[in-house]
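# Report on the structure
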Amino acid sequence: GQTIGTKSIMIVPLNELPKMTATLLMNGTGIMGSAQNGQSNANAVQAFSKIKNVWKSTYLHIQNGPPVCSEIDNGWWSAQWQLVAISGTNYYGIKNKWKNNYLCLDPSGAVTVNPAQINTAVWLLEPVENSNALKLKNVANNTYLNIENGTLQSTQIWSTATSAQWLLETIF
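An account of the accompanying structure is given in this report. Remember, predicted model here, so these are calculated numbers, not experimental data.

Cut-off values and rules
Residues numbered from 1 in each chain as written. Predicted model: local features only at pLDDT ≥ 70, side-chain atom pairs only at ≥ 80, totals over all residues. Heavy atoms only, no water. Salt bridge = Lys/Arg side-chain N within 4 Å of Asp/Glu carboxyl O. Helix = DSSP H or I, 4+ residues; strand = E, 2+ residues; numbered from the N terminus. Pairing = 2+ DSSP bridges.

## Some points on the pattern of salt bridges
Evaluation of the coordinates by the stated rule reveals 3 salt bridges. Across the salt bridge formed by Glu 169 and Lys 52, the nearest N and O atoms sit 3.8 Å from each other. Note that Glu 169 is positioned in strand β14 (residues 166-171) and Lys 52 in strand β3 (residues 48-53), a separation of 117 residues in sequence. Of the charged contacts, one joins Glu 126 and Lys 137 as a salt bridge, the two residues approaching to 4.0 Å between their closest N and O atoms. Of this pair, Glu 126 sits in strand β10 (residues 123-127) while Lys 137 sits in strand β11 (residues 134-138); the two residues are 11 residues apart in sequence, bridging distant segments of the chain.

Pasting the structure below:
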């Protein structure tokens with residue numbers, strides 16, 4: 001249908017229907033979303049979220065340099081991330097609020113951050129069946145962000161591994 005509910009204003013030329021893309025992402029506290037009207041979707045999801053691992057209940061952050069998953073202080077900007085939609089795709093960049101760096105993989109495949117949205121900083125958010133959790137799949141090498149071995153890594157992993165499942169906690 002054409003029923004749209006939002007708290008955003010869309011400007012549409014007279015006598016035209018909106019050219020709109022809607023993206024809904026479930027997270028632990030509700031639904032985050034985005035919309036566009038024929039414009040670039042590069043910054044569609046503006047909210048910041050903490051990214052929490054389902055298995056260990058720890059958070060993705062860059063407080064001491066490289067990305068890790070551990071306990072955090074609630075106010076750390078280093079643990080706040082923005083999902084930046086990549087125009088024309090179902091992919092996202094994961095951008096840190098504190099340093100404005102993107103979560104990516106280095107040439108060896110290790111998880112790191114980079115100020116540019118390079119090809120290894122492109123992620124697919126895969127919903128986990130019967131859950132609010134997501135799996136974060138790196139598009140460049142088809143591996144999943146996980147903490148299976150106790151450290152943050154992006155590797156092949158079985159589909160039901162909770163070490164590769166993440167909850168988005170929206171920061172209001």
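Moving on from the coordinates now.
## Observations regarding the pairing of strand β12 (residues 143-146)
Two elements, β11 and β12, share 2 bridges in a ladder whose sense is antiparallel. By the bridge assignment, Lys 137 is partnered in β12 with Tyr 144. Sheet analysis places β12 next to strand β13 (residues 153-155), joined by 3 bridges and oriented antiparallel. Paired with Leu 145 across the two strands is Ser 154, which belongs to β13. The antiparallel hairpin formed by β12 and β13 contains 6 residues in its connecting segment, where Gly 150 sits at a positive phi of about 95°.

That's the geometry; what it means functionally is another story.
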